[in-house]
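Okay, here's what each chain looks like letter by letter:
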There are 4 protein chains.
Amino acid sequence: MQIDTIVLDAENHVTLTAFLQDVGGEYRGVSKRPGLIVIPGGGYLFVSDREAEPVVWPYLNAGYDVFVLRYTVGEKSAWPRPLQDYEMAFAAILALADSWHLDRERIAVAGFSAGGHLAGAAATVSKYRPAAAILGYAVLNETVDEINQDAPRIYECVTKDTCPCFLFASRSDNVVPIRNTIDMLSALEKFGISFETHIYAGGPHGFSTGEMAIQGRTSSFCPRIPDWVGDSIGFLKDVFGELTTEGMTKPRYKARVDGDQDAFLSFDCTIGRIFSRPAAKEAIQPLIDRMRREIRPDRPDMTLEEMLDSLKRMTLRDLCMENQIPISPEMEEALEKVPNI
Amino acid sequence: MQIDTIVLDAENHVTLTAFLQDVGGEYRGVSKRPGLIVIPGGGYLFVSDREAEPVVWPYLNAGYDVFVLRYTVGEKSAWPRPLQDYEMAFAAILALADSWHLDRERIAVAGFSAGGHLAGAAATVSKYRPAAAILGYAVLNETVDEINQDAPRIYECVTKDTCPCFLFASRSDNVVPIRNTIDMLSALEKFGISFETHIYAGGPHGFSTGEMAIQGRTSSFCPRIPDWVGDSIGFLKDVFGELTTEGMTKPRYKARVDGDQDAFLSFDCTIGRIFSRPAAKEAIQPLIDRMRREIRPDRPDMTLEEMLDSLKRMTLRDLCMENQIPISPEMEEALEKVPNI
Amino acid sequence: MQIDTIVLDAENHVTLTAFLQDVGGEYRGVSKRPGLIVIPGGGYLFVSDREAEPVVWPYLNAGYDVFVLRYTVGEKSAWPRPLQDYEMAFAAILALADSWHLDRERIAVAGFSAGGHLAGAAATVSKYRPAAAILGYAVLNETVDEINQDAPRIYECVTKDTCPCFLFASRSDNVVPIRNTIDMLSALEKFGISFETHIYAGGPHGFSTGEMAIQGRTSSFCPRIPDWVGDSIGFLKDVFGELTTEGMTKPRYKARVDGDQDAFLSFDCTIGRIFSRPAAKEAIQPLIDRMRREIRPDRPDMTLEEMLDSLKRMTLRDLCMENQIPISPEMEEALEKVPNI
Amino acid sequence: MQIDTIVLDAENHVTLTAFLQDVGGEYRGVSKRPGLIVIPGGGYLFVSDREAEPVVWPYLNAGYDVFVLRYTVGEKSAWPRPLQDYEMAFAAILALADSWHLDRERIAVAGFSAGGHLAGAAATVSKYRPAAAILGYAVLNETVDEINQDAPRIYECVTKDTCPCFLFASRSDNVVPIRNTIDMLSALEKFGISFETHIYAGGPHGFSTGEMAIQGRTSSFCPRIPDWVGDSIGFLKDVFGELTTEGMTKPRYKARVDGDQDAFLSFDCTIGRIFSRPAAKEAIQPLIDRMRREIRPDRPDMTLEEMLDSLKRMTLRDLCMENQIPISPEMEEALEKVPNI
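Residues numbered from 1 in each chain as written. Chains lettered and ligands numbered in written order. Predicted model: local features only at pLDDT ≥ 70, side-chain atom pairs only at ≥ 80, totals over all residues. Heavy atoms only, no water.

Novice: Sorry if this is basic, but what is going on with the domain arrangement of chain A here?
Specialist: Where interface size is given, it is often the accessible area lost as the parts come together that is meant. You can read the domains of chain A as domain 1 (2-248) and domain 2 (271-335). Of note, the centres of domain 1 of chain A and domain 2 of chain A, computed from C-alpha atoms alone, are 41 Å apart. (Domains from an automatic or database assignment.)

Following this line, the structure appears as structure tokens:
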């Protein structure tokens, strides 16, 4: 274990503290580690200690190298200063990634409240995009106007290239309204982005990990709140793969749930999408004939359209696999020439 | 333990099966039990066994009496027939509640897929409203048009009187799109209703409890899915209180997160709401004076408006409690005379 | 779901209540189910309701068929009457197993307190042995003299044929001393039987599942107590395999941790045992030569004895597998001719 | 966070690495923290990295300051050298406790395998006793002869002054036999020491925290193994109290389950112990009279002896509390004058 603190801007107290774990030796099979950048909250007025180191430990435990970003707050924090701080930090991490044995393809961010806004900006508008984002009771919609007037409303910045997101919050948060999280879910859904979310029935704003030494218990504290920590680690396993003694496993999910947002069609598009494009039907005519025969042999009266209607949200790849219909490379190529417009 | 099956409509196979636990005796302090009505899915075409009894066991374990509703499906299931089936069932439960030692104030519904639609209708438009609803990968928006043309879009029926809801689903559900759940969250938020939600990163439609004997595992099955069962039990504890050997404990949360949806103001309204009504300020003038003095004594220069601006989403009751400012009955009464318009 | 109650002895109120789940239909791949017989406690004076049905639900949830045995208590409960009741019940279960779609090779018992004594007797001295036993704060040693004078001390009855056991209790149990559980662990260890145990730091006797509706909370109730339920289900998966939509998976553990208790040697015996038998060395000489060369090629000076000394508790099969040394059928046969004396 | 490494013996690579968390500031109410000394294993031949830092993170997360002890191994590790290393380390910790804001009354040890032997020695024979010990697949009986000939067999060193212990191991450990843990349980029970134990059905020796990046999964790895980490944190809460934003809560359990090991009797002794001492009966005669009348008023025929027989393992204090019989200071004093012999 090694703790390095890099001063990125001494005047504004912008620092990156790296918590770096060993590789090799008794960690057989671990030659590099995934990383997580923790971005504490504080309303762009201060940087909360409660959302800094306490967040580090569980991810170290999961095998991550963890970084705490302290960014410009207070008078000089007008946008885009905090984003620039983040970008400096990310550039520094990339520059040192090899010497730190860090997997540069698997760097996530985890931000809380205003830090969740900054993490959201990292995920949507920054030069350096993380591979996944954890957004805790984050400022993601117009609420940002109250804390940093010129900063973007994150949910309006989501595109098909936004990374997978894990969102959590308390329903009754009386500082950052839950509408922030709902608006973000809505935007992620619209662009087909993979996400997971846990909104707990109640609890205060700013609960951090929910550990007793950090967050006092009142009658309105939902006892399920601390679950987000382990769940977020599970989510990172799902989208990054899991760090094991044999290296990383294969991820369970891609960044997008299907190919419907891509410029060209593919077998990863949904059936509804593909069959709404006449050119697509031509491209895969032999496959269509086979599907017609094999998927519902009991219903020769059914038209293909009727048959596919109930399956329209499935990807064509999943449908073929489930029905053991092989996909030829020629067919893949043919479909990928059809524009998705 | 006693299992009673009540035939509500023999021709259409509408039945209510009651799983009733003992009270008294060695269950010291348990004189009546809360109830849960399980409504399986099946697209209004069939009633799924996988979402019937397997859902019963964990809630029996939590101390509930549980009911399985089998409603009209197939040709005769045009709306509002299934809702009428539900209403018949609920009426039967109420009629038998005393002999069954059932707590009629604490009857929840749990519906899945199309059954989630019916549970949602129970929560919003039925004559007999449950006290809480669990909605699993439920049909809640326009998707309903595909399975029951005349049935309501549940999210459009939410009002300030909708019960607390617990929603769960898979992000990548390719039968009932996740937009259904998001639309419902949005509506619940708008009306200030208490809710909890868990949307898992991936997994198939129709996973029921996620137990291995019910739902096979594929690479896309999110390992956190089975957590919804225990979490939903926790949620019911939060909004109903917990069944203990000393009777029910006090609930943690009310049906609405604050009083902002009520016809008249109260101390349960948010500060933002109260102070936007001039008549309210007059009604509680002595309290305002005291707040001005005691909440930020370090900033005598601050106007009350400035001071309250950062607290505007807090309820006045919470603010007073936190600052140990007593609330007199006279003040409560005075505020409750001010219309909330 | 079907509940059948079989009256085994009306005069003494001996009954077996069967909670039987469906197979086939939507339970694809489930053609028969494992079973669990629940044996409540009560000091052979009464049969506790708190350890009867509340124990049924979690195992139904795990896919088991569950049976509650109510046995002779009070004046007529002199040993071996309760054991005979158990044997009648087991015989009835076997007789009905096929019609109940029950897996007769996978029937476990779960007993509590005095019922844990009876479950222990089932596991050690009965005509009908269960395939696994769950023993909760059970009477297993001389404590039995206080409640049923002629009954056996279970830990003295353990042999190499005792089934795998899962034991749990509270350290501070002031009715059945924790020594009961320790004596049993000691006996199981001596005979090489597979087991798992969870002894919690504190808590009352008779906590059953620990659910709030069954067991009140005092300051001395250990919050980890309810974990035993899920852990015991995990243990049953480990020794029975897991019930899935594709049938039962392969068990993780055998009834004994190695072959050292068998009449003849085998590759499942520990290295220490095998190499202490001169005849064994002769039987597997070619393998020994290869082991000498391949296991520690860096230490040609080491004698085989030195090399094996640190591995003496490993089974020969595990050692060969770990070093990728193939085991020939001839070698297996040769070793299995050597008596283990 | 601050990491300090203290070199205790440069020649033999004996070091103590302290991971120290902040107090005060945003950690409202936290003025000092409990501590944990981690002692990795390695057969007194090496110090395993896998049982060093990976063990640190979860306890930091629970609010502890954590220390890793690297002690003398290999040629110079003959007993009592490793114990002396531990004692040097503990003395250094005590010397620095105030400047480190460490709670010197709440320092635990956690040792693994050979390190579990050293932790066991700390708990039984060292000059500096920890307040609790976590012993993971530890060498505690004659097995020690194989790795350090002159070292004590820990289970033979247990006395009434041994601290509360948390023990965990795998049933099928083929390096350190499970008998080690059972022998220790037996000794702790004999002296009335508080303990908790989790023995998992199977798994390899040396699994550390069981995290995937540290311990590979084979078919014999019990999936419940990683639970020990959270359970041990729960155990420390039980015996130390819990670190909260309001300071430490009251412990749930004392070091011994009752007063039966003390030199003089007290209300914390069991009823069986107290009433076997004639002098005790005299000392508390008025109380006895009252008990006789009030505990079983329905059975005036019962002698006190009969009545108490079923309660003999309860402490007198618990019995009085349960029956709401007040205990006067005079009575307490009188009983505490009676020798417990």
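Novice: Mind showing me how you'd approach the relation of the copies chain B and chain A here?
Specialist: Note on the chain copies: they are related by a rotation about an axis and a translation along it. Of the transformation placing chain B onto chain A, the axial shift is 0.0 Å and the rotation is 180°, giving an RMSD of 0.1 Å. The two molecules are tied by a two-fold rotation axis, judged by turn and shift. Within chain B, B:His198 has its C-alpha nearest the rotation axis, a separation of 2.3 Å. An overlap of 100% is found between the interface residues of chain B and their copies at the interface of chain A, pointing to a shared contact surface. (Least-squares fit on C-alpha atoms with pLDDT ≥ 70 in both. Contact = heavy atoms within 4.5 Å.)

Novice: How should the interface of chain C and chain B be read in this particular structure?
Specialist: Listed by partner, the interface residues are 31 residues for chain C and 31 residues for chain B. Together chain C and chain B conceal approximately 2700 Å² of surface at their shared face, both sides included; 55% is due to carbon and sulfur atoms. A per-residue breakdown of the area chain C buries against chain B is headed by C:Glu26, C:Trp57 and C:Asn61, which together make up 25% of the total. For the pair chain C and chain B, the interface holds 14 residue pairs in polar contact (both at pLDDT 80 or more). Residue assignment for the side of chain C that touches chain B shows that the elements contributing at least two residues are helix H1 (53-61) and strand E9 (243-244) of chain C. Tallying contributions element by element places H1(C) first for the side of chain C that touches chain B, with 6 residues. (Buried area = accessible area lost by both parts, 1.4 Å probe. Polar contact = N/O pair within 3.5 Å; in protein donor to acceptor, adjacent residues only side chain to side chain. Helix = DSSP H or I, 4+ residues; strand = E, 2+ residues; numbered from the N terminus.)

Novice: Can you walk me through unusual backbone geometry in this structure?
Specialist: A negative phi angle is the norm for most residues apart from glycine, just as the trans form is the norm for most peptide bonds. B:Trp79 connects to B:Pro80 through a cis peptide bond whose omega is 10°. Relative to the elements of secondary structure, B:Pro80 occurs in the loop between strand E4 (65-70) and helix H2 (81-96). Of note, the phi angle at A:Gln324 is positive, near 55°, even though the residue is not glycine. Note on placement: A:Gln324 falls in the loop between helix H10 (316-322) and helix H11 (329-335).

Novice: Teacher, can you tell me more about the pattern of salt bridges here?
Specialist: Side chains that differ in charge, positive against negative, can pair when their charged atoms come close. Taken as a whole and judged by the stated rule, the model has 92 salt bridges over all chains. A:Asp103 is the partner of A:Arg106 in a salt bridge, and the nearest nitrogen-oxygen pair spans 2.7 Å. Residue D:Arg296 pairs with D:Asp298 through a salt bridge whose shortest N-O separation is 3.2 Å. You can call D:Arg296 partly exposed: its relative accessible area is 31%. (Salt bridge = Lys/Arg side-chain N within 4 Å of Asp/Glu carboxyl O. Buried < 20%, exposed > 50% of the residue type's maximum accessible area, 1.4 Å probe, protein only.)

Novice: Explanation requested: the pairing of strand E5 (residues 102-112) of chain B in the structure shown.
Specialist: Strand residues, when the strand is regular, have side chains that alternate between the two faces of the sheet. Residues and elements named next belong to chain B. Judged by how many residues are buried, E5 sits mostly within the fold: 8 of 11 residues are covered. Sheet topology note: the strand E3 (residues 33-39)/E5 ladder contains 6 bridges and is parallel. For Ile39, the partnering residue across the bridge sits in E5 and is Gly111. Sheet topology note: the E5/strand E6 (residues 132-136) ladder contains 5 bridges and is parallel. Note on E6: the bridge partner recorded for Gly111 is Leu135. Regarding topology, helix H3 (residues 114-124) serves as the crossover connection from E5 to the parallel E6, and that connection is right-handed. (Pairing = 2+ DSSP bridges. Right-handed = clockwise from strand over helix to strand, strands pointing away.)

Novice: Before we go on, may I ask you to explain the packing of H2(B) against H3(B) in this structure?
Specialist: When two helices pack together, their arrangement is given by the angle between the helix axes and by the axis-to-axis distance. All names here are of chain B. At a minimum axis separation of 10 Å, H2 and H3 run at an interaxial angle of 65°. The way H2 lies across H3 gives a crossing that is right-handed. Every residue of H3 that contacts H2 at Pro82, Leu83 and Tyr86 is listed here: Leu118, Ala121 and Ala122. For the contact of H2 with H3, the per-class residue count stands at 6 nonpolar, no polar and no charged. (Axes fitted to C-alpha atoms, helices over the stretch in contact; angles between N-to-C directions. Left-handed = near helix turned anticlockwise from the far one by under 90°. Nonpolar A, V, L, I, M, F, W, Y, C, P; charged D, E, K, R; others polar.)

Novice: Hey, could you run me through the arrangement of the chains in this one?
Specialist: No interface is formed between chain A and chain C, the nearest pair of C-alpha atoms being 14 Å apart. Separated in space, chain B and chain D share no contact, their closest pair of C-alpha atoms being 14 Å apart.

Novice: It is not clear to me how the relation of the copies chain C and chain B should be interpreted in this structure. Could you clarify?
Specialist: Between chain C and chain B, which share one sequence, the superposing operator has a rotation angle of 180° and an axial displacement of 0.0 Å; the RMSD is 0.0 Å. Taken as a fraction of all interface residues of chain C, those also at the interface in chain B reach 100%, which identifies the copy contact as same-surface.

Novice: Help me understand the packing of aromatic side chains, please; the structure alone is not making it clear to me.
Specialist: Working definition: an aromatic ring pair is given by the centre-to-centre distance plus the angle between the planes. Residue and element names in this part refer to chain A. Taken as a whole, this structure holds 60 aromatic pairs over all chains when the rule is applied. Their ring planes at 90° and their centres at 6.0 Å tell us that Tyr137 and Phe168 sit as a pair that is edge-to-face. With a gap of 31 residues between them, Tyr137 in the loop between strand E6 (132-136) and strand E7 (165-170) and Phe168 in strand E7 connect regions that are remote in the sequence. On the basis of relative accessible area, Tyr137 is assigned to the buried category, the value being 1%. (Phe/Tyr/Trp six-rings, centres within 6.5 Å; stacked < 30°, edge-to-face > 60°.)

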